[in-house]
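Breakdown of the fold
Chain by chain, the residues run as shown.
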Amino acid sequence: MEKTRGKNPKQVTWVLLLKAHRAVGRVAWIATLFWDLLGTIKRRLIFRQDVVMATEKLGKGKLLFAAIKAFLLTSLAILSFEVVAYFNGWHCFQNPSLHFPSDDDIQGLLHLVYVTWLPFRADYIAPLIQALSKFCVALFLVQSADRFMLSLGCFWIKYKKIKPRIEGDPFESGDVEGCSYEYPMVLVQIPMCNEREVYEQSISAVCQLDWPKDRLLIQVLDDSNDESIRYLIKAEVATWSQRGINIIYRHRLERTGYKAGNLRSAMSCEYVKAYEFVAIFDADFQPSLKFLKQTVPHFKDNPELGLVQARWAFVNKDENLLTRLQNINLCFHFEVEQQVNGVFLNFFGFNGTAGVWRIKALEESGGWLERTTVEDMDIAIRAHLNGWKFIFLNDVKVLCEVPESYEAYRKQQHRWHSGPMQLFRLCLPAILTSKIAIWKKANLILLFFLLRKLILPFYSFTLFCIILPLTLFVPEAELPVWVICYVPVFMSFLNILPSPKSFPFIVPYLLFENTMSVTKFNAMVSGLFQLGSSNEWVVTKKAGRSSESDLVAATERESKITNQQHIPRGASQSEFTEYNELKEQKEAAPIRIKKVNKIYRKELTLAFLLLAASVRSLLSAQGVHFYFLLFQGVTFLLVGLDLIGEQMS
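Counting from 1, residues in each chain are numbered in the order their sequence is written. pLDDT decides what is reported in this predicted model: residues at 70 or higher carry local features, side-chain atom pairs at 80 or more are listed and counted, and totals for whole chains, interfaces and linings draw on all residues regardless. Side-chain figures throughout are based on the complete set of non-hydrogen atoms in the structure, without hydrogens or water.

The name an unreviewed UniProt entry assigns to the protein is Glycosyltransferase 2-like domain-containing protein, from the organism Gossypium schwendimanii. UniProt positions are given in the numbering used here, feature names are shortened, and annotations may be inferred rather than shown by experiment. A UniProt comment under Sequence similarities (unreviewed entry) is attached to the protein, and it reads "Belongs to the glycosyltransferase 2 family. Plant cellulose synthase-like C subfamily." UniProt, in its Subcellular location (unreviewed entry) section for the protein, records the words "Golgi apparatus membrane".

**Some thoughts on the overall build of the protein**
Along the protein, the regular secondary structure elements total 19 helices and 7 strands. Burial classes follow relative accessibility: with a 1.4 Å probe on protein chains only, a residue under 20% of its type's maximum area counts as buried, one over 50% as exposed, and anything between as partly exposed. For the protein, with 649 residues in total, the buried portion stands at 45%. Contacts in the protein between residues far apart in sequence, at least 24 positions, make up 80% of those at least 6 positions apart. Each accessible area is a Shrake-Rupley estimate made with a 1.4 Å probe; only the visible protein chains count as cover when residues are assessed. Surface summary for the protein: the accessible area is close to 35,500 Å², and the carbon and sulfur share equals 62%. In DSSP terms, a helix is any run of H or I states spanning at least four residues, a strand is any run of E spanning at least two, and both are numbered starting from the N terminus. Every residue pair with non-hydrogen atoms within 4.5 Å of one another is taken to be in contact.

**Comments concerning unusual backbone geometry**
One non-glycine residue with positive phi stands out, namely Tyr 258, at about 55°. Classification of Tyr 258 as partly exposed rests on a relative accessible area of 35%. Unlike most non-glycine residues, Ala 354 shows phi in positive territory, near 60°. Examined against the element boundaries, Ala 354 turns out to sit in the loop between helix 9 (321-344) and strand 6 (355-358).

**Focus on the nonpolar core**
Counting 93 residues, the largest nonpolar core has Ile 203, Trp 357 and Ile 381 as the members making the most contacts within it. Ranked by residue count, the leading element in this core is strand 7 (residues 389-400), at 7 residues. Per-domain counts for this core show at least three residues from each of domain 1 (66-86 + 112-162 + 405-540 + 597-648) and domain 2 (186-404). For Ile 381, the contacting residues outside a window of four places in its chain are Phe 347, Leu 423, Cys 427, Leu 444, Phe 448 and Phe 449. Counting residues in hydrophobic clusters, the runner-up holds 21 residues, among them Val 137, Ile 455, Leu 463 and Val 474. Side-chain atoms within 4.5 Å are what join buried Ala, Val, Leu, Ile, Met, Phe, Trp, Tyr and Cys residues into a set we call a nonpolar core. Each domain's limits were defined by an automated method or a database of domain assignments.

**Considering the environment of Cys 207**
By the secondary structure assignment, Cys 207 is in helix 5 (residues 199-207). Other than its neighbours up to four places away in sequence, Cys 207 contacts Ile 218, Trp 240, Ile 245 and Ile 247.

**Section: the packing of aromatic side chains**
What counts as a ring pair is set by centres within 6.5 Å for rings of Phe, Tyr and Trp (its six-membered ring), and what kind of pair is set by the plane angle: stacked under 30 degrees, edge-to-face over 60, tilted for all other angles. Inspection of every chain in the model, using the stated rule, returns 26 aromatic pairs. Taking the centre distance of 6.3 Å and the plane angle of 15° together, the rings of Phe 155 and Tyr 159 count as stacked. One end of the pair, Phe 155, and the other, Tyr 159, are both in helix 4 (residues 103-160), 4 residues apart, so they sit about a helical turn from each other. A single burial state applies to Phe 155 and to Tyr 159, both of which are exposed. Seen from their ring centres, Phe 347 and Phe 390 are 5.9 Å apart, and the 35° between their planes marks the pair as tilted.

**Brief notes about helix 12 (residues 406-433)**
Here a helix's expected span is defined as the number of its residues, less one, multiplied by 1.5 Å. Given a rise of 1.5 Å per residue, 28 residues ought to cover 40 Å, and the 41 Å separating the end C-alpha atoms of helix 12 matches this to within 8%. The bend reported for a residue corresponds to the angle between axes fitted to the seven residues ending at that residue and the seven starting there. Residue Cys 427 marks the point of greatest curvature in helix 12, where the axis turns by about 45°; the proline Pro 429 follows within four residues.

**Here's the deal with the confidence of the model for the protein**
Confidence of the prediction at every residue is given by pLDDT, a number between 0 and 100. Here the protein averages 78 in pLDDT, while 71% of its residues score no lower than 70. pLDDT under 50 marks residues 47-58. Its contacts with residues more than four places away, or in other chains, come to 11 contacts. Counting contacts from residues 547-575, a segment whose pLDDT is below 50, to residues more than four positions away or on other chains yields 28 contacts.

**Side note on the environment of Phe 332**
Among the structural elements, Phe 332 can be located in helix 9. Phe 332 sits in the buried class, given a relative accessible area of 4%. As for Phe 332 and Ile 496, which are separated by 164 residues in sequence, their C-alpha atoms are 7.3 Å apart.

**Brief notes about the pairing of strand 6**
Judged by which residues are buried, strand 6 turns out to be covered on both faces: Gly 355 and Trp 357 on one side and Val 356 and Arg 358 on the other are all buried. Bridging between strand 4 (residues 277-280) and strand 6 involves 4 bridges; their strand directions are antiparallel. Within strand 6, the position partnered with Phe 277 by the bridge is Arg 358. Following DSSP output, two strands are said to pair if at least two bridges run between them. Note that strand 5 (residues 305-314) and strand 6 share 3 bridges and pair antiparallel. Note that in strand 6 the partner of Val 308 across the bridge is Val 356.

**Re the sheet that holds strand 5**
Strands sit in the order 3-2-1-4-6-5-7 across an open sheet of 7 strands; the sheet is mixed. At either margin of the open sheet sits one strand with a lone partner, and together these are strand 3 (247-251) and strand 7. Strand-to-strand twist across the sheet, computed as the mean angle between neighbouring axes with direction ignored, equals 20°. Examined bridge by bridge, strand 2 (residues 216-222) and strand 3 share 5 bridges and lie parallel to one another. The partner of Asp 222 across the bridge, within strand 3, is His 251. Lines fitted to C-alpha atoms define the axes, with helix axes restricted to the stretch in contact, and inter-axis angles between N-to-C directions lie between 0 and 180 degrees. Set on the sheet, helix 5 makes contact with strand 1 (186-192), strand 2 and strand 3; between it and strand 1 the angle comes to about 175°. In the packing of helix 7 (residues 258-267) onto the sheet, contacts are made with strand 1, strand 2, strand 3 and strand 4, and the angle to strand 1 comes to roughly 145°.

**A few points about the UniProt feature "transmembrane region" (unreviewed entry) in the protein**
The feature "transmembrane region" (unreviewed entry), as given by UniProt, occupies residues 63-87, 124-142, 444-473, 479-497 and 625-644 in the numbering adopted here. Helix makes up 100% of residues 124-142 and strand 0%. Its end C-alpha atoms lie 29 Å apart. Along residues 479-497 one finds 84% helix and 0% strand; the C-alpha atoms at either end are 27 Å apart.

**A word on the packing of helix 13 (residues 438-470) against helix 15 (residues 506-528)**
At a closest axis distance of 8 Å, the pairing of helix 13 and helix 15 adopts a crossing angle of 130°. Classified by the angle their axes make, helix 13 and helix 15 are oblique. When the axes of helix 13 and helix 15 are compared, the crossing they make is left-handed. Between helix 13 and helix 15, the contacting residues are Lys 453, Leu 454, Pro 457, Phe 458, Ser 460, Phe 461, Phe 464 and Cys 465 on the first element and Glu 513, Asn 514, Ser 517, Val 518, Lys 520, Phe 521, Met 524 and Leu 528 on the second. Side-chain classes follow a simple rule in which Ala, Val, Leu, Ile, Met, Phe, Trp, Tyr, Cys and Pro form the nonpolar group, Asp, Glu, Lys and Arg form the charged group, and the remainder, Gly included, forms the polar group. The residue inventory of the contact of helix 13 with helix 15, partitioned by class, reads 10 nonpolar, 3 polar and 3 charged. Oblique is the label for any angle not under 35 degrees, not over 145, and not in the 65 to 115 range, which are roughly parallel, roughly antiparallel and roughly perpendicular in turn. We call a crossing left-handed when the near helix sits turned anticlockwise from the far one by less than a right angle, and right-handed when that turn is clockwise.

**Concerning the environment of Met 491**
Its location among the elements puts Met 491 in helix 14 (residues 481-496). With near-sequence residues (within four places) excluded, Met 491 lies in contact with Ser 144 and Arg 147.

**Looking at the packing of helix 12 against helix 13**
To describe two helices that pack against each other, one gives the angle between their axes and the distance between the axes. At their nearest, the axes of helix 12 and helix 13 sit 11 Å apart, and the two run at 165° to each other. Viewed along their axes, helix 12 and helix 13 adopt a mutual orientation that is roughly antiparallel. The hand of the helix 12/helix 13 crossing is left-handed. Mapping the contact onto sequence places Pro 420, Met 421, Leu 423, Phe 424, Leu 428, Ile 431 and Leu 432 in helix 12 and Lys 441, Leu 444, Ile 445, Phe 449, Leu 450, Lys 453 and Leu 454 in helix 13. In terms of residue class, the contact of helix 12 with helix 13 is built from 12 nonpolar, no polar and 2 charged.

Following this line, the structure appears as structure tokens:
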């Protein structure tokens, strides 16, 4: 009482206001903290732990955030209902007006729903799935027979040791002084676009080809839109030019038509008329020293020969599981498909690189056209329709890379499967009206395009990614075991035969190929119906890995880098000042930080759904031990986390 006597009402009011202000401040602080927490959650969901994504990927993060908000609102609504029920006494079990369903009531309702579902499933859903499954199984058997015949052809080639041979010494000349007279004029083209990682090793490998310098011209066709990369490539070309190599740097002002436009522009040069053959290498390809001497002699005394194609060899095939699985497919493609078609049909699809063309064949076939993203297959089809023959050399290998990340591989596969369907629409009238034999027309239409480019992704996606998972819910349409297990395993066994070291990866290969059919089917449909993504061209990301076996070239490149201190003649001082600055920036560049590994949930989820359906069918039909299949599923889970990622390294 003594303490309060000295305080007037105004002081008491100020004390109360101060306490109220503090209380409001604390409430505001809690609200701000909660709001910041929600903002952090939103940024985490949209930007994936502060990693900036592309604009088109933000929609998925916003959609996920909207789903979470909807879930929270639903939870709040349910909580409000519980509060209202509590105050109204609905929670009291003694309330006689409330009826709680018993177990018998629930079981009766579920039984009624299930009994209604069974005839509907058997009468309407199962017949459609069975009809579609029979159609896909028929296509599956046709495609399997084609693979089996190709494998038999490859076995026959190896058994009889059939391969293109060079008779005698094609460059032998009686004139000792003019020893290079027999060597034809060869043009070498290296098309590239923003190839910072591989430009140096590709130019170095081509400049060391064993061919007379006065009979060889190298064109570096640079379509880079990055000015710093252009300066680096120009400086590399100037360095080799000072060493006496006949090399030219070309850069287009208008980058139209992608690779086809680049090659077409290069072939329009006036000096190209003096050359008889043209060899093409992509930026990541490293030909051996004897490449031209192993390929060009096949053209001698063979005027109908238009193309000599070499095989690809991969320097990074053992880098990760994705590169190992790609090596399986590409080894079968080259050693079986390309070799068999080259021996028995004298025709196959040009691979776009590591090949030598007769320039006359290119000109008579219409040259490079910009109408599709598979310009290499386009020129091969038109040359075949004009009567030119092809040779595939399985013994001549050119080193290159395969994509090491799933994102790069998926974009590459999209272009490889959408382009052929786009080309099929364009070439079908020309094939039907051409003057080639009927069996050649049938081979082009039925086997080359329809069976291997259209039917394969269609039945693989429909049969293994739609029908097989549906058998979990519609057992009346269950597939036979030989379709699920025996035939796919046998076909996978045939695919792995050209690369026997890949046998331990047969299970991941089988599952991966079935799930990749989603991407291939999407690409096939977009190319067939001219959808927006059919004209998409994305340069495959390279890692810049050199050959570990080519020690001579590697040593020479190292000595060239260490001894390259002088400024080459013929270049302006300003260009090389900028080059030195860019080189210093490149050397001082920080180490790249490994990006977040994003899992492609669609392919991975489909893979496990496929595995679950296979397990169910196998267990019900053959009694296969469950734990063995479970071990396969866990194994694929571990390798899938490393495989199906957007950035793996």
